[in-house]
Amino acid sequence: MSLSPATTTTTITPSLAALRIAFAEGRRAARSRHRDLAEALGVSEGELIAAHAGAFPAGQSPLQATPLRAEWPALIGALAPAGVLMALTRNASCVHEKTGVYAPASASGPAGGEMGLVLGREIDLRIFYSRWVHGFAVAEQLADGSVQRSLQFFDAQGGAVHKVFTRTGTDLTAWQAVIDRFASPAAAAEPAGIQARPAAAPAEAKPDADVDLAAFQAEWLALKDTHEFFGLLRRHGLARTQALRLAPAGHALPLPAGSAHALLQQAVAQSVAIMVFVGNAGVIQIHSGPVQRVERMGPWLNVLDAGFNLHLREDHIAGAWLVKKPTTDGPVHSVEFFDAAGETIAMMFGERKPGQPERPDWRTLAESLAAEGETCAA
(Lines give C-alpha, C1' and ligand atoms only; values in the text may rest on other atoms or scores of the structure.)
Protein backbone atom coordinates (compact mmCIF):
# COMPACT_ATOMS: atom_id res chain seq x y z
CA MET A 1 0.00 0.00 0.00
CA SER A 2 1.43 3.40 -0.97
CA LEU A 3 1.08 6.49 1.16
CA SER A 4 0.70 10.04 -0.04
CA PRO A 5 3.33 12.50 1.18
CA ALA A 6 0.85 14.02 3.63
CA THR A 7 0.04 10.67 5.25
CA THR A 8 1.77 9.82 8.53
CA THR A 9 2.75 6.28 9.40
CA THR A 10 1.77 4.52 12.59
CA THR A 11 3.73 1.65 14.10
CA ILE A 12 1.41 -1.25 14.81
CA THR A 13 2.63 -3.52 17.59
CA PRO A 14 1.72 -7.18 17.06
CA SER A 15 -0.73 -8.68 19.55
CA LEU A 16 0.73 -10.54 22.51
CA ALA A 17 -0.44 -13.85 21.06
CA ALA A 18 1.16 -13.01 17.70
CA LEU A 19 4.43 -12.20 19.45
CA ARG A 20 4.40 -15.52 21.27
CA ILE A 21 3.67 -17.49 18.10
CA ALA A 22 6.30 -15.61 16.09
CA PHE A 23 8.83 -16.18 18.87
CA ALA A 24 8.18 -19.92 18.85
CA GLU A 25 8.49 -20.09 15.06
CA GLY A 26 11.73 -18.11 15.07
CA ARG A 27 13.32 -20.29 17.73
CA ARG A 28 12.34 -23.45 15.84
CA ALA A 29 13.52 -22.20 12.46
CA ALA A 30 16.96 -20.84 13.26
CA ARG A 31 17.46 -20.81 17.03
CA SER A 32 17.50 -17.03 16.68
CA ARG A 33 18.43 -15.05 19.77
CA HIS A 34 15.72 -13.24 21.72
CA ARG A 35 17.23 -9.86 20.83
CA ASP A 36 17.29 -10.62 17.09
CA LEU A 37 13.75 -11.98 17.08
CA ALA A 38 12.48 -8.88 18.84
CA GLU A 39 14.20 -6.62 16.33
CA ALA A 40 12.72 -8.60 13.43
CA LEU A 41 9.27 -8.24 14.98
CA GLY A 42 9.63 -4.50 15.50
CA VAL A 43 9.46 -4.60 19.30
CA SER A 44 11.96 -4.34 22.12
CA GLU A 45 13.33 -7.47 23.74
CA GLY A 46 11.57 -6.53 26.96
CA GLU A 47 8.22 -6.35 25.17
CA LEU A 48 8.81 -9.75 23.60
CA ILE A 49 9.56 -11.37 26.97
CA ALA A 50 6.66 -9.56 28.69
CA ALA A 51 4.27 -11.00 26.11
CA HIS A 52 4.99 -14.40 27.69
CA ALA A 53 3.87 -13.46 31.21
CA GLY A 54 0.68 -14.80 32.74
CA ALA A 55 -1.62 -17.50 31.40
CA PHE A 56 -1.78 -18.38 27.70
CA PRO A 57 -2.30 -21.58 25.67
CA ALA A 58 0.70 -23.86 26.13
CA GLY A 59 1.07 -24.48 22.41
CA GLN A 60 1.73 -20.85 21.57
CA SER A 61 5.30 -20.67 22.85
CA PRO A 62 7.91 -22.71 24.77
CA LEU A 63 8.77 -19.70 26.95
CA GLN A 64 7.10 -18.61 30.17
CA ALA A 65 7.91 -15.34 31.96
CA THR A 66 7.09 -14.44 35.55
CA PRO A 67 7.07 -10.66 36.27
CA LEU A 68 9.21 -9.66 39.24
CA ARG A 69 8.70 -6.87 41.75
CA ALA A 70 11.02 -3.88 41.29
CA GLU A 71 13.03 -4.63 44.43
CA TRP A 72 16.23 -5.01 42.44
CA PRO A 73 18.94 -4.57 45.13
CA ALA A 74 17.25 -7.07 47.43
CA LEU A 75 16.77 -9.52 44.55
CA ILE A 76 20.40 -9.40 43.43
CA GLY A 77 21.48 -9.66 47.05
CA ALA A 78 19.40 -12.84 47.44
CA LEU A 79 21.13 -14.77 44.63
CA ALA A 80 24.20 -15.99 46.52
CA PRO A 81 22.54 -19.16 47.96
CA ALA A 82 21.79 -20.31 44.39
CA GLY A 83 25.51 -20.84 43.90
CA VAL A 84 27.03 -20.98 40.44
CA LEU A 85 25.29 -18.72 37.91
CA MET A 86 26.19 -17.00 34.66
CA ALA A 87 26.04 -13.19 34.51
CA LEU A 88 25.46 -11.62 31.10
CA THR A 89 25.75 -7.93 30.34
CA ARG A 90 25.79 -6.50 26.85
CA ASN A 91 25.48 -3.43 24.70
CA ALA A 92 24.75 -3.21 20.99
CA SER A 93 28.28 -4.27 20.06
CA CYS A 94 29.61 -6.51 22.83
CA VAL A 95 28.44 -9.37 25.08
CA HIS A 96 30.24 -10.17 28.36
CA GLU A 97 29.52 -13.48 30.15
CA LYS A 98 30.98 -14.54 33.50
CA THR A 99 30.26 -17.66 35.54
CA GLY A 100 30.48 -17.54 39.33
CA VAL A 101 28.59 -16.64 42.51
CA TYR A 102 26.68 -13.39 43.13
CA ALA A 103 28.39 -12.60 46.40
CA PRO A 104 28.94 -10.38 48.20
CA ALA A 105 26.34 -7.92 46.93
CA SER A 106 25.55 -4.48 48.34
CA ALA A 107 23.66 -1.30 47.46
CA SER A 108 23.83 2.30 48.57
CA GLY A 109 21.95 5.52 47.91
CA PRO A 110 18.29 6.57 48.16
CA ALA A 111 15.51 4.15 47.23
CA GLY A 112 14.96 4.18 43.49
CA GLY A 113 18.42 5.57 42.83
CA GLU A 114 20.58 2.94 44.43
CA MET A 115 23.94 1.97 43.09
CA GLY A 116 24.90 -1.65 43.61
CA LEU A 117 28.07 -3.66 43.78
CA VAL A 118 28.68 -7.37 43.33
CA LEU A 119 32.28 -8.04 44.28
CA GLY A 120 32.66 -11.78 43.93
CA ARG A 121 35.89 -13.38 42.81
CA GLU A 122 34.39 -14.17 39.40
CA ILE A 123 31.28 -11.98 39.08
CA ASP A 124 32.18 -8.31 39.45
CA LEU A 125 29.42 -5.75 38.73
CA ARG A 126 28.72 -2.04 39.08
CA ILE A 127 24.94 -1.62 38.98
CA PHE A 128 22.85 1.51 38.38
CA TYR A 129 19.43 0.40 39.57
CA SER A 130 17.65 3.61 38.52
CA ARG A 131 17.85 2.26 34.95
CA TRP A 132 16.19 -1.06 35.87
CA VAL A 133 12.45 -0.87 35.15
CA HIS A 134 11.18 -4.38 34.28
CA GLY A 135 12.30 -7.82 35.41
CA PHE A 136 11.18 -11.37 34.64
CA ALA A 137 12.02 -14.90 35.66
CA VAL A 138 12.15 -16.79 32.38
CA ALA A 139 11.92 -20.53 31.70
CA GLU A 140 12.19 -21.74 28.12
CA GLN A 141 11.97 -25.34 26.95
CA LEU A 142 14.63 -25.86 24.29
CA ALA A 143 14.50 -28.14 21.27
CA ASP A 144 16.44 -30.87 23.09
CA GLY A 145 13.89 -30.91 25.92
CA SER A 146 16.08 -29.11 28.44
CA VAL A 147 14.89 -25.97 30.20
CA GLN A 148 16.88 -22.74 30.08
CA ARG A 149 16.24 -20.68 33.22
CA SER A 150 17.13 -17.04 33.59
CA LEU A 151 16.35 -13.73 35.24
CA GLN A 152 16.14 -10.89 32.73
CA PHE A 153 16.09 -7.18 33.51
CA PHE A 154 15.16 -4.35 31.14
CA ASP A 155 15.23 -0.56 31.03
CA ALA A 156 12.36 1.78 30.22
CA GLN A 157 12.95 1.27 26.50
CA GLY A 158 12.73 -2.51 26.87
CA GLY A 159 16.45 -2.98 26.30
CA ALA A 160 18.17 -5.71 28.28
CA VAL A 161 20.46 -4.33 30.99
CA HIS A 162 21.40 -7.63 32.67
CA LYS A 163 20.61 -11.34 32.61
CA VAL A 164 21.34 -14.19 35.01
CA PHE A 165 21.33 -17.82 33.85
CA THR A 166 21.39 -21.06 35.80
CA ARG A 167 24.24 -23.49 35.25
CA THR A 168 24.84 -27.18 35.97
CA GLY A 169 25.98 -26.42 39.51
CA THR A 170 23.10 -24.06 40.37
CA ASP A 171 21.01 -24.88 43.44
CA LEU A 172 17.60 -24.85 41.73
CA THR A 173 15.73 -24.94 45.04
CA ALA A 174 17.43 -21.73 46.13
CA TRP A 175 16.89 -20.29 42.63
CA GLN A 176 13.15 -20.99 42.81
CA ALA A 177 13.01 -19.50 46.29
CA VAL A 178 14.27 -16.19 44.86
CA ILE A 179 11.58 -16.26 42.16
CA ASP A 180 8.85 -17.10 44.68
CA ARG A 181 10.00 -14.31 46.98
CA PHE A 182 10.10 -11.59 44.33
CA ALA A 183 7.31 -12.66 41.94
CA SER A 184 4.82 -9.88 41.28
CA PRO A 185 1.36 -10.48 42.77
CA ALA A 186 -0.05 -10.14 39.24
CA ALA A 187 2.20 -12.90 37.87
CA ALA A 188 -0.65 -15.38 37.31
CA ALA A 189 -2.98 -12.94 35.55
CA GLU A 190 -3.58 -12.67 31.82
CA PRO A 191 -0.60 -11.26 29.91
CA ALA A 192 -0.66 -7.48 29.80
CA GLY A 193 2.69 -6.76 28.20
CA ILE A 194 4.75 -3.63 28.79
CA GLN A 195 4.90 -0.34 26.96
CA ALA A 196 8.44 0.60 25.99
CA ARG A 197 9.13 4.32 26.32
CA PRO A 198 11.16 6.16 23.67
CA ALA A 199 14.71 7.03 24.64
CA ALA A 200 15.54 10.60 25.46
CA ALA A 201 17.35 12.51 22.74
CA PRO A 202 21.11 12.51 23.34
CA ALA A 203 22.58 15.75 24.64
CA GLU A 204 24.15 17.95 22.01
CA ALA A 205 27.94 17.88 21.99
CA LYS A 206 29.65 20.90 23.50
CA PRO A 207 31.68 22.73 20.87
CA ASP A 208 35.42 22.34 21.40
CA ALA A 209 35.76 26.12 21.32
CA ASP A 210 33.56 26.39 24.44
CA VAL A 211 35.77 24.06 26.50
CA ASP A 212 38.12 25.59 29.05
CA LEU A 213 40.95 23.52 27.66
CA ALA A 214 43.62 24.64 30.12
CA ALA A 215 41.42 23.87 33.13
CA PHE A 216 40.32 20.52 31.70
CA GLN A 217 43.86 19.37 30.97
CA ALA A 218 45.12 20.59 34.35
CA GLU A 219 42.39 18.63 36.14
CA TRP A 220 43.20 15.53 34.06
CA LEU A 221 46.86 15.75 35.11
CA ALA A 222 45.76 16.16 38.75
CA LEU A 223 43.64 12.96 38.85
CA LYS A 224 44.27 10.73 41.87
CA ASP A 225 42.03 7.79 40.89
CA THR A 226 40.66 6.45 37.61
CA HIS A 227 37.10 6.73 38.96
CA GLU A 228 37.50 10.52 39.13
CA PHE A 229 37.53 10.62 35.32
CA PHE A 230 33.72 10.43 35.09
CA GLY A 231 33.40 13.48 37.31
CA LEU A 232 35.95 15.31 35.18
CA LEU A 233 33.84 14.72 32.08
CA ARG A 234 30.64 15.88 33.83
CA ARG A 235 32.23 19.07 35.17
CA HIS A 236 33.37 20.09 31.71
CA GLY A 237 30.31 18.78 29.82
CA LEU A 238 32.36 16.52 27.57
CA ALA A 239 31.58 13.31 25.76
CA ARG A 240 34.22 10.68 26.35
CA THR A 241 35.63 10.62 22.81
CA GLN A 242 35.69 14.43 22.78
CA ALA A 243 37.68 14.38 26.01
CA LEU A 244 40.18 11.98 24.46
CA ARG A 245 40.66 14.30 21.50
CA LEU A 246 41.33 17.20 23.89
CA ALA A 247 43.51 15.26 26.33
CA PRO A 248 46.88 16.53 27.57
CA ALA A 249 49.72 15.63 25.24
CA GLY A 250 50.65 11.95 25.42
CA HIS A 251 47.59 10.97 27.48
CA ALA A 252 45.26 9.75 24.69
CA LEU A 253 46.58 8.20 21.49
CA PRO A 254 44.42 6.85 18.64
CA LEU A 255 44.97 3.19 17.84
CA PRO A 256 44.43 1.06 14.73
CA ALA A 257 40.97 -0.38 14.17
CA GLY A 258 42.28 -3.93 14.67
CA SER A 259 43.70 -3.22 18.12
CA ALA A 260 41.14 -5.35 19.97
CA HIS A 261 42.28 -8.50 18.19
CA ALA A 262 45.96 -7.60 18.58
CA LEU A 263 45.52 -6.83 22.28
CA LEU A 264 43.74 -10.08 23.11
CA GLN A 265 46.14 -12.19 21.04
CA GLN A 266 49.14 -10.65 22.76
CA ALA A 267 47.53 -11.02 26.18
CA VAL A 268 47.21 -14.75 25.46
CA ALA A 269 50.72 -15.11 24.03
CA GLN A 270 52.36 -13.16 26.85
CA SER A 271 50.11 -14.46 29.68
CA VAL A 272 49.12 -10.91 30.65
CA ALA A 273 46.19 -10.78 33.09
CA ILE A 274 43.71 -8.12 32.02
CA MET A 275 40.47 -6.48 33.06
CA VAL A 276 37.65 -6.27 30.51
CA PHE A 277 34.83 -3.79 31.19
CA VAL A 278 31.60 -4.04 29.18
CA GLY A 279 28.44 -2.22 30.08
CA ASN A 280 25.32 -0.27 29.31
CA ALA A 281 23.40 2.39 31.21
CA GLY A 282 22.30 -0.14 33.86
CA VAL A 283 25.34 -2.35 34.53
CA ILE A 284 29.09 -2.52 34.05
CA GLN A 285 30.46 -6.07 34.15
CA ILE A 286 34.15 -6.80 34.67
CA HIS A 287 36.42 -9.74 33.97
CA SER A 288 39.74 -9.84 35.81
CA GLY A 289 42.38 -12.41 34.95
CA PRO A 290 44.04 -14.09 32.00
CA VAL A 291 42.48 -14.92 28.64
CA GLN A 292 43.36 -18.15 26.89
CA ARG A 293 41.35 -18.75 23.73
CA VAL A 294 40.68 -15.99 21.20
CA GLU A 295 38.86 -16.70 17.94
CA ARG A 296 37.34 -14.70 15.12
CA MET A 297 33.99 -15.88 13.77
CA GLY A 298 32.67 -13.63 11.00
CA PRO A 299 32.43 -10.10 12.40
CA TRP A 300 32.68 -11.39 15.98
CA LEU A 301 35.91 -11.39 17.99
CA ASN A 302 35.50 -13.94 20.77
CA VAL A 303 37.12 -14.99 24.02
CA LEU A 304 35.98 -18.56 24.68
CA ASP A 305 37.37 -19.47 28.10
CA ALA A 306 35.97 -21.57 30.91
CA GLY A 307 34.06 -19.09 33.06
CA PHE A 308 34.50 -16.10 30.72
CA ASN A 309 33.13 -15.46 27.24
CA LEU A 310 33.40 -12.21 25.31
CA HIS A 311 31.72 -11.56 21.94
CA LEU A 312 32.78 -8.29 20.31
CA ARG A 313 31.61 -6.97 16.94
CA GLU A 314 34.88 -5.74 15.42
CA ASP A 315 33.02 -4.14 12.53
CA HIS A 316 31.28 -1.83 15.02
CA ILE A 317 34.56 -0.36 16.27
CA ALA A 318 34.85 3.15 14.82
CA GLY A 319 37.53 4.38 17.22
CA ALA A 320 40.15 2.91 19.55
CA TRP A 321 42.33 4.83 22.00
CA LEU A 322 45.21 4.24 24.40
CA VAL A 323 44.40 6.39 27.44
CA LYS A 324 46.71 7.31 30.33
CA LYS A 325 45.39 8.63 33.63
CA PRO A 326 47.51 9.62 36.65
CA THR A 327 46.64 8.04 40.02
CA THR A 328 48.18 7.94 43.48
CA ASP A 329 49.46 4.47 42.52
CA GLY A 330 51.15 5.75 39.37
CA PRO A 331 49.89 6.06 35.79
CA VAL A 332 47.16 3.69 34.64
CA HIS A 333 46.66 2.84 30.96
CA SER A 334 43.44 1.68 29.34
CA VAL A 335 42.55 0.66 25.80
CA GLU A 336 39.07 1.88 24.92
CA PHE A 337 36.80 1.04 21.98
CA PHE A 338 33.94 3.16 20.65
CA ASP A 339 31.22 2.83 18.03
CA ALA A 340 30.36 5.37 15.33
CA ALA A 341 28.12 7.32 17.74
CA GLY A 342 30.92 7.61 20.29
CA GLU A 343 29.32 5.10 22.66
CA THR A 344 31.70 2.93 24.66
CA ILE A 345 31.84 -0.67 23.44
CA ALA A 346 34.47 -2.01 25.85
CA MET A 347 37.45 -0.91 27.94
CA MET A 348 40.48 -2.99 28.86
CA PHE A 349 43.05 -2.50 31.62
CA GLY A 350 45.79 -4.53 33.19
CA GLU A 351 44.55 -6.53 36.18
CA ARG A 352 45.06 -4.54 39.37
CA LYS A 353 43.45 -3.64 42.67
CA PRO A 354 43.23 -0.15 44.19
CA GLY A 355 46.47 0.60 45.98
CA GLN A 356 48.51 -1.43 43.53
CA PRO A 357 50.67 0.01 40.73
CA GLU A 358 49.93 -0.94 37.14
CA ARG A 359 51.38 -4.20 35.85
CA PRO A 360 54.53 -3.52 33.80
CA ASP A 361 53.65 -6.30 31.34
CA TRP A 362 50.27 -4.69 30.66
CA ARG A 363 51.82 -1.25 30.16
CA THR A 364 54.31 -2.69 27.68
CA LEU A 365 51.54 -4.49 25.81
CA ALA A 366 49.26 -1.41 25.68
CA GLU A 367 52.04 0.91 24.55
CA SER A 368 53.06 -1.56 21.84
CA LEU A 369 49.64 -1.07 20.24
CA ALA A 370 50.32 2.64 19.85
CA ALA A 371 53.77 1.91 18.45
CA GLU A 372 52.23 -0.49 15.94
CA GLY A 373 49.77 2.20 14.92
CA GLU A 374 52.58 4.69 14.32
CA THR A 375 54.39 2.10 12.18
CA CYS A 376 51.25 1.48 10.11
CA ALA A 377 50.67 5.22 9.68
CA ALA A 378 54.24 5.70 8.51
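The preceding data block contains the structure.
Residues numbered from 1 in each chain as written. Predicted model: local features only at pLDDT ≥ 70, side-chain atom pairs only at ≥ 80, totals over all residues. Heavy atoms only, no water.

Colleague: Honestly, the nonpolar core in this entry has me stumped. Any pointers?
Modeller: Buried together is how nonpolar side chains tend to be arranged in soluble globular proteins. Counting 30 residues, the largest nonpolar core has Leu263, Leu264, Ile274, Leu310 and Val335 as the members making the most contacts within it. Contributions of two or more residues to this core are made by helix H9 (259–269), strand E11 (274–279), strand E14 (300–305), strand E15 (308–313), strand E16 (319–325), strand E17 (332–338), strand E18 (344–350) and helix H10 (360–377). For Leu310, the contacting residues outside a window of four places in its chain are Cys94, Val95, His96, Leu264, Val276, Val278, Leu301, Asn302, Val303 and Met348. In terms of nonpolar packing, the next biggest core, distinct from the first, is built from 27 residues, Leu68, Tyr129, Val161 and Ala174 among them. (Core = buried A, V, L, I, M, F, W, Y, C linked by side-chain atoms within 4.5 Å. Buried < 20%, exposed > 50% of the residue type's maximum accessible area, 1.4 Å probe, protein only. Helix = DSSP H or I, 4+ residues; strand = E, 2+ residues; numbered from the N terminus. Contact = heavy atoms within 4.5 Å.)

Colleague: Can you help me understand the packing of helix H6 (residues 213–221) against helix H7 (residues 228–236) in this one?
Modeller: Helix-helix packing is characterised by the crossing angle of the two axes and by the distance between the axes. The geometry of H6 relative to H7 is characterised by a closest axis approach of 10 Å and an angle of 170° between their N-to-C directions. Taken together, the axes of H6 and H7 lie roughly antiparallel to each other. Here Ala215, Phe216, Glu219 and Trp220 of H6 come into contact with H7, specifically with Phe229, Leu232, Arg235 and His236. (Axes fitted to C-alpha atoms, helices over the stretch in contact; angles between N-to-C directions. Parallel < 35°, antiparallel > 145°, perpendicular 65-115°, else oblique.)

Colleague: I tried to follow the packing of aromatic side chains on my own but got confused; where do I start?
Modeller: Two measures describe an aromatic ring pair: the distance that separates the ring centres and the angle between the ring planes. Enumeration according to the criterion identifies eight aromatic pairs in this entry. Taking 5.6 Å as the distance between ring centres and 80° as the angle between the ring planes, the aromatic pair formed by Trp72 and Phe153 counts as edge-to-face. Of this pair, Trp72 sits in helix H4 (residues 72–77) while Phe153 sits in strand E8 (residues 147–154); the two residues are 81 residues apart in sequence, bridging distant segments of the chain. Across the pair, exposure class does not vary: Trp72 and Phe153 are buried alike. Three or more aromatic residues joined by ring pairs form one cluster here, namely Trp72, Tyr129, Trp132 and Phe153. (Phe/Tyr/Trp six-rings, centres within 6.5 Å; stacked < 30°, edge-to-face > 60°.)

Colleague: I would appreciate a short explanation of the sheet that holds E17 in the present structure.
Modeller: Note on sheets: strands pair through backbone hydrogen bonds, and any given pair is parallel or antiparallel. Strand order in the open sheet formed by nine strands is E4-E5-E6-E12-E11-E18-E17-E16-E10, with antiparallel pairing between adjacent strands. With one partner strand each, in any of the chains shown, strand E4 (105–108) and strand E10 (252–254) form the two edges of the open sheet. Direction aside, the axes of adjacent strands within the sheet are offset by 15° on average. In this sheet, strand E12 (residues 283–289) lies alongside E11 in antiparallel orientation, the contact comprising six bridges. Pairing of Val278 across the sheet is with Gln285, part of E12. (Pairing = 2+ DSSP bridges.)

Colleague: I keep staring at helix H5 (residues 172–182) and nothing clicks. Help me out?
Modeller: Among the residues of H5, those classed as buried are Ala174, Trp175, Val178, Ile179 and Phe182. Projected onto a plane normal to the axis of H5, the buried residues spread over an arc of 145° and lie on a single side. Opposite the packed face of H5, turned more than 90 degrees from it, sit the exposed residues Thr173 and Asp180. Those residues of H5 hidden inside the fold are in contact with strand E1 (63–67), H4, strand E2 (83–90), strand E7 (134–141), E8 and strand E9 (160–170). The N-capping residue of H5, defined by a side-chain oxygen 3.0 Å from the backbone nitrogen of Thr173, is Asp171. (Arc of directions from axis to C-beta. Polar contact = N/O pair within 3.5 Å; in protein donor to acceptor, adjacent residues only side chain to side chain.)

Colleague: Mind showing me how you'd approach the sheet that holds strand E3 (residues 94–100) here?
Modeller: The strand order across the open sheet built from nine strands is E1-E7-E8-E9-E2-E3-E15-E14-E13, with neighbouring strands paired in antiparallel fashion. Two strands bound the open sheet, and with one partner strand each, they are E1 and strand E13 (294–297). Direction aside, neighbouring strands of the sheet carry axes that sit 20° apart on average. For E1 and E7, the ladder comprises five bridges, and the chain directions are antiparallel. Bridging across to E7, Thr66 finds its partner in Ala137.

Colleague: Explain the pattern of salt bridges to me, please; I cannot follow it from the model alone.
Modeller: Oppositely charged side chains can form a pair if their charged atoms are brought close together. Tallying each qualifying case throughout the model produces 16 salt bridges. For Glu219, the salt bridge goes to Arg235, with nearest N and O atoms at 2.9 Å. Placement of the pair is Glu219 in helix H6 and Arg235 in helix H7, with a sequence separation of 16 residues. Note on Arg235: relative accessible area 55%, which makes it exposed. Residues Glu358 and Arg363 are paired through a salt bridge, measuring 2.8 Å at the closest nitrogen-oxygen approach. Given a relative accessible area of 7%, Glu358 falls into the buried group. Connected through shared salt-bridge partners, Arg240, Lys325 and Glu336 make up one network. (Salt bridge = Lys/Arg side-chain N within 4 Å of Asp/Glu carboxyl O.)

Colleague: Would you take a moment to explain unusual backbone geometry for this structure?
Modeller: Trans is the common state for peptide bonds, and a negative phi is the common state for residues other than glycine. Cis rather than trans, the peptide bond between Ala103 and Pro104 has omega equal to -10°. Looking at the element boundaries, Pro104 is found in the loop between E3 and E4. One non-glycine residue, Ser271, lies in positive phi territory at about 55°.

Colleague: Please clarify how the pairing of E3 should be interpreted in this entry.
Modeller: Look at any regular strand and the pattern is simple: side chains alternate between the two faces of the sheet. With six of seven residues buried, E3 is to be regarded as a mostly interior element. As defined by bridge partners, E2 adjoins E3 across six bridges and the pair is classed as antiparallel. Within E3, the position partnered with Leu85 by the bridge is Gly100. As consecutive antiparallel partners, E2 and E3 are separated by three residues. Of the strand pairs in this sheet, E3 and E15 are connected by five bridges, and their pairing is antiparallel. Residue pairing across strands places Glu97 opposite Asn309, the latter belonging to E15.

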